Amino acid sequence: EVVRASSEVERNRQLVADAEALLANSRRALRTLSGLDPRGDGAMPTDDLHAEAALADLEARVGALPAVVAASKDADVAAKNSTAATTSLIPTINAQFTQRFTNATGFQNQAAVWNAGVTFAWRADVGTVQGLRVVSAAEQTALLNAEKARLAAADQVHSDWQRVTAAITKVKAAKAQVTSATRAQSLAKERNAAGVATQLDVIQADRDLFSAEVNDITARLD
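(A) Expanded view of the pattern of salt bridges. Taken as a whole and assessed by the stated rule, the structure comprises 7 salt bridges. A salt bridge links R207 to E8; the nearest nitrogen and oxygen atoms lie 2.7 Å apart. Of this pair, R207 sits in helix α5 (residues 199-221) while E8 is found in helix α1 (residues 2-34), placing the two residues 199 residues apart along the sequence. Under the relative-accessibility criterion, R207 is labelled partly exposed at 30%. As a salt-bridge pair, D37 and R31 come within 3.3 Å of each other at their nearest N and O atoms.

(B) The packing of helix α3 (residues 66-87) against helix α4 (residues 126-193), seen in detail. At their nearest, the axes of α3 and α4 sit 8 Å apart, and the two run at 165° to each other. With respect to α4, the axis of α3 lies roughly antiparallel. Note on packing geometry: the crossing formed by α3 with α4 is left-handed. Contacts from A67, V68, A71, S72, D74, A75, A78, A79, N81, S82, A85 and T86 of α3 reach α4 at L132, V135, S136, A138, E139, A142, L143, N145, A146, A149, R150 and A153. Looking at side-chain class alone, the contact of α3 with α4 contains 15 nonpolar, 6 polar and 3 charged residues.

What counts and how
Every chain begins its residue count from 1, and numbering advances along the sequence as written. Since the coordinates come from a predicted model, pLDDT governs what is reported: local features require at least 70, and pairs of side-chain atoms require 80 or more to be given and counted, while whole-chain, interface and lining totals use all residues. Where side-chain values are given, they derive from all heavy atoms of the structure, hydrogens and water being excluded. Take a side-chain nitrogen of Lys or Arg and a carboxyl oxygen of Asp or Glu: if they are within 4 Å of each other, that pair is a salt bridge. Labels follow the DSSP assignment, with helices taken as runs of H or I lasting at least four residues and strands as runs of E lasting at least two, numbered in each case from the N terminus. Throughout this description, buried means an accessible area under 20% of the type-specific maximum (1.4 Å probe, protein chains only), exposed means over 50%, and partly exposed covers the range between. Lines fitted to the C-alpha atoms define the axes, with helices restricted to the stretch that makes contact. Angles between their N-to-C directions range from 0 to 180 degrees. For this classification, under 35 degrees means roughly parallel, over 145 means roughly antiparallel, 65 to 115 means roughly perpendicular, and everything else is oblique. It is the rotation of the near helix from the far one that decides the hand of a crossing: anticlockwise by less than a right angle makes it left-handed, clockwise makes it right-handed. The criterion used for residue contact is that any of the two residues' heavy atoms lie within 4.5 Å. When residue character is reported, Ala, Val, Leu, Ile, Met, Phe, Trp, Tyr, Cys and Pro are called nonpolar, Asp, Glu, Lys and Arg charged, and the others, Gly included, polar.

In short, shape yes, function no, at least from these values alone.
Spelled out as structure tokens, the structure:
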């Protein structure tokens, strides 16, 4: 019994050493990232384990996500560029009218002379046409990227919703395991004190409770 107890003590010392090393490394990482020295022991945030909003409601709002909005704006810009490139192929018509009055009629023998003209210009060179095709292809690519971003955001929301729902269930199950393990530890100690259970049973109950508490903390972090 003494040898078994000593072995259990050494095992627990190993666990404590690992925990202290993890704590020191985590504090160092926080100080490196934030420039602030962590003070005190951080407490786990409380969570009422409330259910998330309906998946359909969350997916309906993916259009407001920054990545989706940015992709949509890029598609709008590409559409405007395509429109601007298309207008370069529209013919232009210029008209002009001039009239001149003089008291020196000369050989014209007219005091007023007017002149009118209309100019029709249409530019349809190969470079302009090819440029229009390039801009049109860029517009289609931007539209596809916007749709891809929207679908990716919807898939991510779906995945996150499923993961959070499963995580809530795991937290509830982990809490139930802690309660059961605590009760089992108490019974093992009572039975050991009454002489109907060995120290090994108590050690096993302690280990089960420790594992249940670790699982509980891990589930809450997830």
